[in-house]
Amino acid sequence: MAVTAVPGVASRQTPRLRRLEDERWLALALLTPTAVLLGLFIAYPFFEGVMLSLTNTRVGIEGKFVGLDNFAKVWDDSIFRTAVWNTFWYTGVTTVFKLALGLWLAMLLNRHFRGKALVRAFILLPFIIPTVLSTFAWKWMFDPTFSVINWTLFHLGLIDQRINWLGDPDLAMTSIIIVNIWRGVPFFAISLLAGLQTISPELNEAAAIDGARPWNRFWYVTWPLLLPVTMVVMLFSVIQTFADFQLVYVMTGGGPANATQLFATYAYQIGIGTGLLSEGAAISLAMFPFLFIIVVVQLLYIRRVETR
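Attention here is on the structure that accompanies the text. Note that the structure is a prediction, hence the values are computed from the model and not measured.

Definitions and cut-offs
Residues numbered from 1 in each chain as written. Predicted model: local features only at pLDDT ≥ 70, side-chain atom pairs only at ≥ 80, totals over all residues. Heavy atoms only, no water. Axes fitted to C-alpha atoms, helices over the stretch in contact; angles between N-to-C directions. Helix = DSSP H or I, 4+ residues; strand = E, 2+ residues; numbered from the N terminus. Left-handed = near helix turned anticlockwise from the far one by under 90°. Contact = heavy atoms within 4.5 Å. Nonpolar A, V, L, I, M, F, W, Y, C, P; charged D, E, K, R; others polar. Core = buried A, V, L, I, M, F, W, Y, C linked by side-chain atoms within 4.5 Å. Buried < 20%, exposed > 50% of the residue type's maximum accessible area, 1.4 Å probe, protein only. 1 Å grid on protein atoms, 1.4 Å probe; cavity = no way out; pocket = protein on both sides within 12 Å on 5 of 7 lines; lining within 4 Å. Points joined across faces, edges and corners; volume = space filled by probe spheres on them. Polar contact = N/O pair within 3.5 Å; in protein donor to acceptor, adjacent residues only side chain to side chain. Patch = residues over 30% accessible without salt bridge, like charges linked within 9 Å, V, L, I, M, F, W, Y side chains within 5 Å. Areas by Shrake-Rupley, 256 points an atom, 1.4 Å probe, with all protein chains shown as cover. Salt bridge = Lys/Arg side-chain N within 4 Å of Asp/Glu carboxyl O. Phe/Tyr/Trp six-rings, centres within 6.5 Å; stacked < 30°, edge-to-face > 60°.

## A closer look at the packing of helix H9 (residues 169-196) against helix H11 (residues 214-242)
Packed helices, taken two at a time, are described by their axes: the angle between them and the distance between them.
Reasoning step 1: Two elements in contact, H9 and H11, have axes whose closest approach is 10 Å; the angle formed by their N-to-C orientations is 145°. As for how H9 packs across H11, the hand of that crossing is right-handed. For the pair H9 and H11, contact is made by Asn180, Phe187, Phe188, Ser191, Leu192, Gly195 and Leu196 and by Thr222, Leu226, Val229, Thr230, Val233, Met234, Phe236, Ser237 and Thr241, respectively.
Reasoning step 2: Of the residues assigned to the contact of H9 with H11, the class counts are nine nonpolar, seven polar and no charged.

Below, the structure written as structure tokens:
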């Protein structure tokens, strides 16, 4: 049975098909949903936060425009300066340890052994468990009365009295650093493992034939090729750690005596806890210049490494 074409249909569909065949129109069609989502959930809240920080808005009270008064007030706040130092220290120490331990784990997982797939899946558990759930478990482990860590150290004869892990300022910061490292190492390990598997084994074999020792093979062959992946992983880790909230809020709430106060926890405490929404917005936005500089420096370094 012959199919007759409907007059005018082909002529109406041709321009649409031609637009879809055009890479520019196709790219626009594919990127538009993502752009809309980014605008609604990132750009709009960010713009509203900026506008809120320029007023004196409180909970239930509509504010008036005050300019940069909130930022000046925040900068004169000694607790805010403590939060700035704590955030940089917390981010720097955890990133270094996560990189070192993650690289070590990645090198081990890159070898051939029985049950390798199971071990790789098990390694990811700290990263995929909900943050609040795992943090509550760690909080119980650091509890001065029911701490399994204190119990173990006591029975090993290493301590003779309970250690108040989350009540001492120095130990509290150490505790949240340990938990963050425990949670972040799997991300580094799996990401660096993926990078290691892209490196041809023949390069290391050739270096071994030439007499290079294991350390020299790693430093002069493996590490330069792994560096671009490492910098990208560190970039994501720094962004996530710099704005960390759940872990610190659940374990210490920023205490004791603001010893573990970070940008995010202090912004929440001021903005939500006391109802000073505009000051809380100013504190949260104060981290943006620092984070922006860190990200730009890392991106420039990544580009420099990739173009070598």
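Now that the structure is up, let's keep going.
## Re the nonpolar core
Reasoning step 1: Phe80, Tyr90 and Phe142 are the most contacted members of the largest nonpolar core, which totals 57 residues.
Reasoning step 2: Those elements that place two or more of their residues in this core are helix H4 (78-109), helix H8 (148-155), H9, H11, helix H12 (246-251), helix H13 (263-273) and helix H14 (277-306).
Reasoning step 3: For this core, the element with the highest residue contribution is H9, accounting for 11 residues.
Reasoning step 4: Setting aside residues up to four positions removed in sequence, Tyr90 forms contacts with Met173, Ile176, Ile177, Asn180, Thr241, Asp244, Leu247, Val248 and Leu262.

## As for the layout of surface pockets
Reasoning step 1: One number sums up the size of the largest pocket: a volume of about 620 Å³.
Reasoning step 2: Secondary structure elements with two or more residues in the lining of the largest pocket: H4, helix H10 (201-209) and H11.
Reasoning step 3: The greatest single-element share of the lining of the largest pocket, amounting to five residues, is contributed by H11.
Reasoning step 4: Of the residues in the lining of the largest pocket, the class split is 10 nonpolar, six polar and three charged.

## Considerations on unusual backbone geometry
Reasoning step 1: The linkage connecting Gly255 with the following residue, Pro256, adopts the cis geometry, with an omega of -5°.
Reasoning step 2: As for its position among the elements, Pro256 is in the loop between H12 and H13.
Reasoning step 3: Phi at Ala257 is positive, roughly 55°, even though this residue is not glycine.
Reasoning step 4: Along the chain, Ala257 turns up in the loop between H12 and H13.
Reasoning step 5: Overall, Ala257 belongs to the exposed group, its relative accessible area being 76%.
Reasoning step 6: In this structure, Asn258 takes a positive phi of about 65° despite not being glycine.

## Some words on the environment of Thr260
Reasoning step 1: Of note, Thr260 is situated in the loop between H12 and H13.
Reasoning step 2: Classification of Thr260 as buried rests on a relative accessible area of 0%.
Reasoning step 3: A sequence separation of 87 residues divides Thr260 from Met173, and the C-alpha atoms of the two residues are 5.6 Å apart.
Reasoning step 4: Leave out the neighbours within four places in its chain, and Thr260 touches Asn86, Ala172, Met173, Ile176, Val248, Thr252, Gly254, Gly255 and Thr265.
Reasoning step 5: At 2.6 Å, the side chain of Thr260 and the backbone oxygen of Gly255 are in polar contact.

## Looking at a nonpolar patch on the surface
Reasoning step 1: A cluster of nonpolar side chains, Phe46, Phe288, Phe292, Ile293, Val296, Val297 and Leu300, forms an exposed patch at the surface whose accessible area comes to about 660 Å².
Reasoning step 2: The greatest single-element share of the nonpolar patch, amounting to six residues, is contributed by H14.
Reasoning step 3: Along the chain, Leu300 turns up in helix H14.
Reasoning step 4: Note on Leu300: relative accessible area 53%, which makes it exposed.

## Some details on the packing of aromatic side chains
Reasoning step 1: Tallying each qualifying case throughout the model produces 20 aromatic pairs.
Reasoning step 2: Aromatic pair Trp215 and Phe218: ring centres 5.8 Å apart, planes at 35°, arrangement tilted. Of this pair, Trp215 and Phe218 both sit in helix H11, three residues apart, which is roughly one turn of the helix.
Reasoning step 3: Grouped by ring-pair contacts, the aromatic residues Trp75, Phe80, Phe88, Phe242, Phe263 and Phe290 constitute a single cluster.

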